[in-house]
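The lines below spell out each chain.
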Amino acid sequence: MARLKTAVLISGRGSNLEALIAACAKRGFPAELALVLANRPAKGLDHAKRAKIPIKIVPHRDFAERADFDAALDNALSAAGIELVCLAGFMRLLGSAFVRRWRDRLVNIHPSLLPAFPGLDTHARALKAGVRFTGCTVHFVREGMDDGPIIVQAAVPVLQGDDEADLAARVLKAEHRAYPLALRLISEGCVTVADERVAIKGAAKPGPFLLNPSD
Ligand code: GRF
């Protein structure tokens, strides 16, 4: 069966990109990374180069209007025959025309259990709020920031004495499991959106709950 032609958009170190590359390299994985796009010479592009995935830099500074930047991204995606777009630490807001055009074919990963802590500084805010669990969310992108139907979430405990870096590292490990899982489920055609909620056919069942502290 044809693999889903996927693009990953990055701005930074690209550890989620690396996890997606590793997943796609596995025999029988239903997606292929056909393009990595960045808005600047991001460090993470090295992962794509090593894996011989085509890369393109579309510098946002070259465009006075966001719509023109979005159109340049869109052109690059179309030229590569991309069917699904994964945002992975892409630090530019995409305009509503782009988001509407890629509706249910554009996903993002966010380092919190949405709808808690959208936006920046999620780990500092989780620590300040004193939550017992935080985690990450892979979701379809809508026009609101960090908003949209949730596909996969992974929860991690917040431990006594954690600082922001501890929590970020624990969540990042979970991200590297959650994003490949979401990509696999979407690419296998198991994911549908109805009434702005995701239904998943055939996903493995989790345990009944996560308890922190454990008893
Ligand atoms: C991740 O924490 C992701 O959830 C957020 O940006 C970060 C990107 O990290 N959207 P990396 O570039 O994938 O290492």
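Owing to the predicted nature of the structure, the values given are computational and were not obtained by experimental measurement. (Residues numbered from 1 in each chain as written. Predicted model: local features only at pLDDT ≥ 70, side-chain atom pairs only at ≥ 80, totals over all residues. Heavy atoms only, no water.)

A.B. asks: Requested: an account of the site of the ligand, with residues and values cited.
C.D. replies: Inspection of the region around the ligand gives Arg-13, Gly-14, Ser-15, Asn-16, Gly-89, Ile-109, His-110, Pro-111 and Glu-175 as its neighbouring residues. A distance of 2.8 Å separates an oxygen atom of the ligand from a polar backbone atom of Gly-14. At a separation of 2.5 Å, an oxygen atom of the ligand approaches a polar side-chain atom of Ser-15. Applying the majority rule of atoms within 2 Å of the grid points places the ligand in the largest pocket. Taken together, the elements giving at least two residues each to the shell around the ligand come down to helix H1 (15-24) and strand S5 (106-110). Considered class by class, the residues forming the shell around the ligand number two nonpolar, five polar and two charged. Counting contributing residues, the shell around the ligand receives three or more from each of domain 1 (1-102) and domain 2 (108-205). (Near = heavy atom within 4 Å. Polar contact = N/O pair within 3.5 Å; in protein donor to acceptor, adjacent residues only side chain to side chain. 1 Å grid on protein atoms, 1.4 Å probe; cavity = no way out; pocket = protein on both sides within 12 Å on 5 of 7 lines; lining within 4 Å. Sits in = over half its atoms within 2 Å of the grid points. Helix = DSSP H or I, 4+ residues; strand = E, 2+ residues; numbered from the N terminus. Nonpolar A, V, L, I, M, F, W, Y, C, P; charged D, E, K, R; others polar. Domains from an automatic or database assignment.)

A.B. asks: Summarise the layout of surface pockets; cite the residues concerned and give the values.
C.D. replies: In this structure, the largest pocket occupies an estimated 1,000 Å³ of space. Those elements that place two or more of their residues in the lining of the largest pocket are H1, helix H4 (96-101), S5, helix H5 (122-129) and helix H6 (164-187). Here the lining of the largest pocket takes four residues from H6, the largest share from any one element. Residue classes in the lining of the largest pocket are distributed as 17 nonpolar, 15 polar and ten charged. (Points joined across faces, edges and corners; volume = space filled by probe spheres on them.)

A.B. asks: So what's going on with the domain arrangement of the chain? Which residues, and what values?
C.D. replies: Annotation of the chain at the domain level lists domain 1 (1-102) and domain 2 (108-205). Just the C-alpha atoms count here: the centres of domain 1 and domain 2 sit 19 Å apart. In this complex, domain 1 contributes 20 residues to the contact, which on the side of domain 2 involves 16 residues. Summed over both partners, the interface of domain 1 with domain 2 comes to about 1,600 Å²; 74% of that surface belongs to carbon and sulfur atoms. Run the count over domain 1 and domain 2 and you get one salt bridge. When the shortest N-O distance is used, the salt bridge between Glu-143 and Arg-100 registers 3.4 Å. Elements supplying a minimum of two residues to the side of domain 1 that touches domain 2: strand S1 (4-10), H1, strand S4 (84-87) and H4. Per element, the largest residue contribution to the side of domain 1 that touches domain 2 is six residues, and it comes from H1. Among the residues forming the side of domain 1 that touches domain 2, the class breakdown is 14 nonpolar, four polar and two charged. (Contact = heavy atoms within 4.5 Å. Buried area = accessible area lost by both parts, 1.4 Å probe. Salt bridge = Lys/Arg side-chain N within 4 Å of Asp/Glu carboxyl O.)

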